[in-house]
Amino acid sequence: MLPSQNMNQKNESIENNQRLNEFPAGRPTFSRGTGEIPPLKRDVRGFQRAIRLKIFRYDSKTDKPPRYEEFEVRKISEQMSMTVLEALLQIQDERDGTLAFRYSCRGAVCGSCAMLINGKFDLACRVQLQNIGAETIVLEPLPNLNIIKDLVVDMAPFWDSLQQIQPWLHEISNPPKKERLMSPKEREKIDQYVNCILCAACYGSCPVLGRDEKYLGPAALAKLYRFIADTRDSRGDETLKNANTESGVWGCDTVFRCIDACPKNVRPTDGIEALRRNLIARKFRKLFASLIL
Ligand code: SF4
Ligand code: FES
């Protein structure tokens, strides 16, 4: 299922959320790496090595409690690499067609396949099984978002936050006749934020979102800074209203989990800090302007 499909199914997701809220234990909790694991077997079909995946399973449409299910995937040789996403596709093709997960580009570009891989936030399409260094690999959906099915979460709150910061260029009055140029130095300032692929790993890792679902979250706030720092953008103070609140930049705990979680080396906390400075500077500018008048 793609993010766009997910957005189109918002109503269905809201219904799913209601079902999740009714779930006796609330949102399913993770019990990573618990339980007895039998020794690894050689793959019966004669392939050189099998790798075990322990996958979180849950369907918000049924009343069944969440569980972990183990699958073995065959790897053709030690030399041949295989990504977590390829392993999931193999399981879906050959073992269980009902296994749900998102992907699109398969090249760490679209951000669809973000999940917890042995407790670490990453993109399933870029993590090689052989680099994980564990016999059993535990796959879990992103926290802080309701689960629709298995590894597929409801991204609606994440997109809603993004929508709130108006993530598009606000035009400078008197636009130039030709294109709007930026110097390489100006562009460098926003480079890392432009690299954000909206995978929501930072959103899943954020402790503030665990207690305040209205919090805009690291990705939206970093994206807002990307536009504030863009010399071609001329947004006014009114577009910063949502960010200048306890559920915006002032809500950040500055514990840097989003930086650790980001698979694209974006540092959302830096953007949040820069936004705070920007908002204070705007306030002082206004204050001085009123004193001069
Ligand atoms: S900042 Fe990083 S982790 Fe957050 S949405 Fe963007 S790419 Fe994903
Ligand atoms: S499938 Fe696009 S980032 Fe993984």
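Residues numbered from 1 in each chain as written. Chains lettered and ligands numbered in written order. Predicted model: local features only at pLDDT ≥ 70, side-chain atom pairs only at ≥ 80, totals over all residues.

Participant: Mind showing me how you'd approach the site of ligand 1 here?
Facilitator: In the vicinity of ligand 1, 16 residues are found, and the nearest of them are Cys196, Cys199, Cys202, Ala219 and Cys262. Elements represented by at least two residues in the shell around ligand 1 include exactly α7 (201-205) and α9 (218-228). A class-by-class count of the residues in the shell around ligand 1 yields 14 nonpolar, one polar and one charged. (Near = placed C-beta within 6 Å. Helix = DSSP H or I, 4+ residues; strand = E, 2+ residues; numbered from the N terminus. Nonpolar A, V, L, I, M, F, W, Y, C, P; charged D, E, K, R; others polar.)

Participant: For this particular structure, what's the right way to read the nonpolar core?
Facilitator: One recurring pattern in soluble globular proteins is that nonpolar side chains are buried together. Ranked by size, the top nonpolar core spans 66 residues in total, and within it Ala124, Ala200 and Leu221 carry the most contacts. It is α9 that provides the largest number of residues to this core, a total of eight residues. Here this core spans two domains, since at least three of its residues come from each of domain 1 (3-153) and domain 2 (156-292). (Core = buried A, V, L, I, M, F, W, Y, C linked by C-beta atoms within 7 Å. Buried ≥ 20, exposed ≤ 12 C-beta atoms within 10 Å, placed from the backbone. Domains from an automatic or database assignment.)

Participant: Explanation requested: the packing of α9 against helix α11 (residues 268-292) in the structure shown.
Facilitator: Interaxial distance between α9 and α11 falls to 8 Å at its minimum, and their mutual angle equals 55°. The angle between α9 and α11 places the two elements in the oblique class. Regarding α9 and α11, the two cross each other, and that crossing is left-handed. Across the interface between the two elements, Pro218, Ala219, Leu221, Ala222, Leu224, Tyr225 and Ile228 from α9 touch Pro268, Gly271, Ile272, Ala274, Leu275 and Asn278 from α11. Taken together, the residues of the contact of α9 with α11 sort by class into eleven nonpolar, two polar and no charged. (Axes fitted to C-alpha atoms, helices over the stretch in contact; angles between N-to-C directions. Parallel < 35°, antiparallel > 145°, perpendicular 65-115°, else oblique. Left-handed = near helix turned anticlockwise from the far one by under 90°. Contact = placed C-beta atoms within 7 Å.)

Participant: Help me out: how do you make sense of unusual backbone geometry in this one?
Facilitator: Trans peptide bonds make up most of the peptide bonds, and negative phi angles are found at most residues other than glycine. Phi is positive for Asn118, which is not a glycine, with a value near 50°. Topologically, Asn118 is positioned in the loop between β3 (114-117) and β4 (120-123). By the C-beta count within 10 Å, which is 18 here, Asn118 ends up partly exposed. In this model, Asn265 sits at a positive phi of 60°, which is unusual for a non-glycine residue. When you line up the elements, Asn265 lands in the loop between α10 (257-261) and α11.

Participant: What is the right way to read the pairing of β4 from this model?
Facilitator: Along a regular strand, successive side chains alternate from one face of the sheet to the other. Strand direction decides the pairing type here: β3 and β4, joined by four bridges, are antiparallel. Paired with Ala114 across the two strands is Leu123, which belongs to β4. Counted between consecutive antiparallel strands, the loop separating β3 from β4 contains two residues, among which Asn118 sits at a positive phi close to 50°. (Pairing = 2+ DSSP bridges.)

Participant: Got a minute to help me understand the packing of helix α6 (residues 184-194) against α9 in this structure?
Facilitator: Describing two packed helices takes the angle between their axes plus the distance from one axis to the other. At a closest axis distance of 9 Å, the pairing of α6 and α9 adopts a crossing angle of 155°. Considered as vectors, α6 and α9 are oriented roughly antiparallel to each other. The two elements α6 and α9 cross, and the hand of that crossing is left-handed. Here α6 contributes Ile190, Tyr193 and Val194 to the contact with α9, which in turn contributes Ala222, Lys223, Tyr225 and Arg226. Considered class by class, the residues forming the contact of α6 with α9 number five nonpolar, no polar and two charged.

Participant: Help me understand α9, please; the structure alone is not making it clear to me.
Facilitator: Residues that lie three or four places apart on an α-helix share one face, since the helix turns once every 3.6 residues. Burial analysis of α9 places eleven of its eleven residues in the buried class, which makes it a mostly covered element. For α9, the complete set of buried residues consists of Pro218, Ala219, Ala220, Leu221, Ala222, Lys223, Leu224, Tyr225, Arg226, Phe227 and Ile228. Turning to α9, the residues buried within the fold contact α5 (156-164), α6, α7, α10 and α11.

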